[in-house]
Structure formats: C-alpha cells, structure tokens
Amino acid sequence: QVQLVESGGGLVQPGGSLTLSCSASGTIFGINEMGWYRQAPGKQRELVATTTSIGVTNYADSVKGRFTISRDNAQNTVYLEMNSLKPEDTAVYYCNANGYGQSWSYFNVWGQGTLVTVSS
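Position numbers for residues start from 1 in each chain and track the written sequence from start to end. Given that this is a predicted model, residues contribute local features only at a pLDDT of at least 70 and side-chain atom pairs are listed and counted only at 80 or more, while totals for whole chains, interfaces and linings are drawn from all residues. To obtain the side-chain values, all non-hydrogen atoms of the structure were included, while hydrogens and water were left out.

Caption draft 1: Here's a closer look at the state of the cysteines. Here, the term disulfide refers to a pair of cysteine sulfur atoms separated by no more than 2.5 Å. Under the criterion given, the structure shown has 1 disulfide. Two residues, cysteine 22 and cysteine 95, share a disulfide whose sulfurs are 2.1 Å apart. On the sign convention where negative is left-handed, the bridge of cysteine 22 and cysteine 95, at about -85 degrees about the S-S bond, is left-handed. Pair noted here: cysteine 22 is in strand β3 (residues 18–25) and cysteine 95 is in strand β9 (residues 91–101), with a separation of 73 residues, a long-range link. Buried, partly exposed and exposed residues are distinguished by accessible area as a fraction of the type maximum, computed with a 1.4 Å probe on protein chains only: under 20%, between the cut-offs, and over 50%, respectively. Given the relative accessible area of 0%, cysteine 22 is considered buried. Under the DSSP-based scheme used, a helix requires at least four consecutive residues in state H or I and a strand at least two consecutive residues in state E, with every element numbered from the N terminus.

Caption draft 2: Inspection of the environment of serine 23 at higher detail. The residue serine 23 is located in strand β3 in this model. Considered as a pair, serine 23 and aspartate 89 are 66 residues apart in the sequence and their alpha carbons are 22 Å apart. Among the polar contacts made by the side chain of serine 23, one reaches the side chain of threonine 77 at a distance of 2.9 Å. Whenever a nitrogen or oxygen atom comes within 3.5 Å of another N or O atom, the pair is scored as a polar contact, on the condition that within protein one atom can donate a hydrogen and the other can accept it, and that pairs from neighbouring residues in sequence are kept only if both atoms are in side chains.

As structure tokens, this is what we get:
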C-alpha cells in the first residue's frame with residue numbers, strides 16, 4: 001500500500017517563503033504524476049501544482065511565478081517551494097500521487113495534509 005508523508009508547513013509572514021516536501025513509500029513500480037492541492041477554510045480543494053515523471057509541470061494561475069514544484073524520482077519525493085507568500089495562500093496543503101504499485105495495480109493516494117498559515 002502506497003502512503004504519502006508531507007512535511008514543511010507552518011506559520012510565515014506575508015512575503016516569506018516555505019518549502020513543502022512529500023515522500024511516497026510502499027511498493028512502487030512507477031509514479032506518473034505528483035502534485036500539490038490546497039483547501040482553505042470554507043472552500044473547495046484546488047490544484048496548486050503538478051509534475052509528471054518527465055518533468056512537465058502545471059500551475060494554478062494564482063501561484064505562477066511564486067511557487068515552484070520539483071521532483072526527485074529516485075526518492076519518490078515532490079517538493080513545493082513557495083515564495084512571496086500571501087495571506088490568501090493560507091490553507092491545508094495536500095500531496096497527491098498516482099501510478100502503479102504492487103502487482104501493477106493503479107493507485108491514486110493523498111497525504112494527510114500540512115497547514116500553511118500566512119499571517120503577520
């Protein structure tokens with residue numbers, strides 16, 4: 001069974017930076033896409049950024065130019081570098097991964113979430 005463990009959330013002042021990381025563990029033959037989503041209080045979960053196994057990235061318009069997603073395929077780890085943070089970036093950030101695991105079964109899993117609070 002594939003599991004995701006996230007880290008790196010916390011409290012940061014507006015204009016500050018944080019880097020989130022997410023590592024996948026378990027029997028994994030290959031991960032197609034890894035990404036980050038977020039859910040602010042009272043709002044639906046939304047895409048932040050995704051990256052494929054060959055490095056094709058996709059960003060929400062609201063974070064373009066401020067956030068950078070990267071991936072270490074050998075370590076099954078994805079990072080989200082967040083710069084110029086704004087109060088509206090406050091949310092629980094969730095990692096997601098999909099691919100193939102034991103017996104080539106498809107998986108699509110979520111992390112437990114990590115809270116990012118941007119406030120002075």
